[in-house]
Amino acid sequence: IIEELSKRASTEIVIFGHNTLSVQFDAPVVSTGFPINSQAYGLFWERIILPKVAAKYNIDILYSPNANAPAYRTPFKNVITYHDVNALAGYADKKYKLLRKLLVPRSLARADRVVTVSEFSKSEILSYFDISEKKLCVIHNGIDPLYLSDGQGEQIDLPDKFILFTGSLNPRKNISGVIEAYERFRNEYSDEYELVLVGPSNKSIFKEFEVNASEHI
């Protein structure tokens, strides 16, 4: 988003967050009141301190990418992204589920517009919350330039015939269903193919999930 907006001469961008962001973006980073790089403190800072800091910069719109809208009214418009209801649907640990249950409804109510990443996520948000459909906007996830590169990449050892799954290794990706379907396919149709799972490990906020590797997984 920052990269694309920065191409517009009529748009001025200010990034609010911990000063470690300055190495990632070619834009001013404002870290007022954010002395420690802590996710827990960052949540408090984003909802309580940031709105007052942002108001001093006379911004028109504050975009919050993790559904953490200001906790009170602001002189500027607020746009948030709410990716999915997975935490409320039982895929997160109890503490994170409780946190999202307390904060998300308030963020949705406070936001002027809510961005989500698919029509499916939009339908789930509408089923979980009392929110106007007109407030929701679907914008699909972008593609990192890394995936458009024609470079060789890193060579990895793969079987001759395989079925590939890509995605983070946590329960909300229905990996159990993938493995079950694969085992059924292997038993009923062909045992020539191995199952290859590629993706980052499970985050601590989600329920524990472990995939046991075998000769064919």
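Please refer to the structure placed before this passage.
Residues numbered from 1 in each chain as written. Predicted model: local features only at pLDDT ≥ 70, side-chain atom pairs only at ≥ 80, totals over all residues. Heavy atoms only, no water.

## Thoughts on the overall build of the chain
Moving on, step 1. Within the chain, the regular secondary structure consists of 6 helices and 8 strands.
Moving on, step 2. Secondary structure elements of the chain, listed N to C terminal, follow the sequence α-β-β-α-β-β-α-α-β-α-β-β-α-β.
Moving on, step 3. Its C-alpha atoms give the chain principal-axis dimensions of roughly 65 × 40 × 35 Å.
Moving on, step 4. Out of the 217 residues in the chain, the part that is buried amounts to 30%.
Moving on, step 5. A separation of at least 24 residues holds for 47% of the contacts in the chain among residues at least 6 apart in sequence.
Moving on, step 6. Accessible surface, the chain: about 15,000 Å² in total, of which carbon and sulfur atoms supply 51%. (Helix = DSSP H or I, 4+ residues; strand = E, 2+ residues; numbered from the N terminus. Buried < 20%, exposed > 50% of the residue type's maximum accessible area, 1.4 Å probe, protein only. Contact = heavy atoms within 4.5 Å. Areas by Shrake-Rupley, 256 points an atom, 1.4 Å probe, with all protein chains shown as cover.)

## Quick notes on the sheet that holds strand E6 (residues 136-138)
Moving on, step 1. The parallel open sheet is built from 4 strands, whose spatial order is E3-E4-E5-E6. Each having just a single partner strand, strand E3 (61-64) and E6 make up the two edges of the open sheet. The average angle at which neighbouring strand axes cross in this sheet is 25°, direction not considered. (Pairing = 2+ DSSP bridges. Axes fitted to C-alpha atoms, helices over the stretch in contact; angles between N-to-C directions.)

## Quick notes on helix H5 (residues 119-128)
Moving on, step 1. When H5 is considered as a whole, its buried residues turn out to be Ser-121, Lys-122 and Ile-125. Each buried residue of H5 sits inside an arc of 105° when the element is viewed along its axis, so together they form one side. Of the exposed residues in H5, the ones pointing more than 90 degrees away from its buried face are Glu-119, Phe-120 and Ser-127.
Moving on, step 2. Packed against the buried residues of H5 are strand E5 (113-116) and E6. (Arc of directions from axis to C-beta.)

## Digging into the pattern of salt bridges
Moving on, step 1. Tallied over the full model, the rule gives 5 salt bridges.
Moving on, step 2. As a salt-bridge pair, Lys-122 and Glu-133 come within 3.4 Å of each other at their nearest N and O atoms. Taken as a pair, Lys-122 in helix H5 and Glu-133 in the loop between H5 and E6 lie far apart in primary sequence, 11 residues in all.
Moving on, step 3. Relative accessible area serves as the criterion here: at 14%, Lys-122 is assigned to the buried category.
Moving on, step 4. The class of Glu-133 is partly exposed, set by a relative accessible area of 48%. (Salt bridge = Lys/Arg side-chain N within 4 Å of Asp/Glu carboxyl O.)

## Description of the layout of surface pockets
Moving on, step 1. What the second largest pocket holds in volume is close to 300 Å³.
Moving on, step 2. Around the second largest pocket sit Asp-84, Asn-86, Ala-89, Tyr-91, Val-117, Ser-118, Phe-120, Ser-121, Glu-124, Arg-172 and Lys-173, which together line it.
Moving on, step 3. When contributions to the lining of the second largest pocket are tallied by element, the ones reaching two or more residues are helix H3 (87-91) and H5.
Moving on, step 4. If you tally residues by element for the lining of the second largest pocket, the top one is H5, at 3 residues. (1 Å grid on protein atoms, 1.4 Å probe; cavity = no way out; pocket = protein on both sides within 12 Å on 5 of 7 lines; lining within 4 Å. Points joined across faces, edges and corners; volume = space filled by probe spheres on them.)

## Focus on helix H6 (residues 175-188)
Moving on, step 1. Its 14 residues place the ends of H6 20 Å apart at the C-alpha level, agreeing with the 20 Å of an ideal helix rising 1.5 Å per residue.
Moving on, step 2. Buried residues of H6: Ile-175, Ile-179 and Tyr-182, and no others. Looking straight down H6, one finds that the buried residues subtend no more than 60° of arc, so they occupy a single side. Opposite the buried face of H6, by more than 90 degrees, sit the exposed residues Glu-180, Arg-184 and Asn-187. (Expected span 1.5 Å × (residues − 1).)

## Side note on the packing of aromatic side chains
Moving on, step 1. Enumeration over the complete set of coordinates arrives at 8 aromatic pairs.
Moving on, step 2. Ring-pair connections join several aromatic residues into one group, and the members of that group are Phe-34, Tyr-41, Phe-44 and Trp-45. (Phe/Tyr/Trp six-rings, centres within 6.5 Å; stacked < 30°, edge-to-face > 60°.)

## As for the pairing of E5
Moving on, step 1. Pairing analysis gives 3 bridges linking strand E4 (residues 77-81) to E5, with the strands arranged parallel. Bridging from a neighbouring strand, Ile-80 pairs with Val-114 of E5.
Moving on, step 2. Two elements, E5 and E6, share 3 bridges in a ladder whose sense is parallel. Across the sheet, Val-115 pairs through a bridge with Cys-137, a residue of E6.

## Brief notes about the side chain of Lys-135
Moving on, step 1. Relative to the helices and strands, Lys-135 is located in the loop between H5 and E6.
Moving on, step 2. For Lys-135, the side chain forms a polar contact with the main-chain oxygen of Leu-108, separated by 2.7 Å.
Moving on, step 3. What Lys-135 contacts, discounting residues up to four positions off in sequence, is Leu-108, Ala-109, Ala-111, Asp-112, Arg-113 and Val-114. (Polar contact = N/O pair within 3.5 Å; in protein donor to acceptor, adjacent residues only side chain to side chain.)

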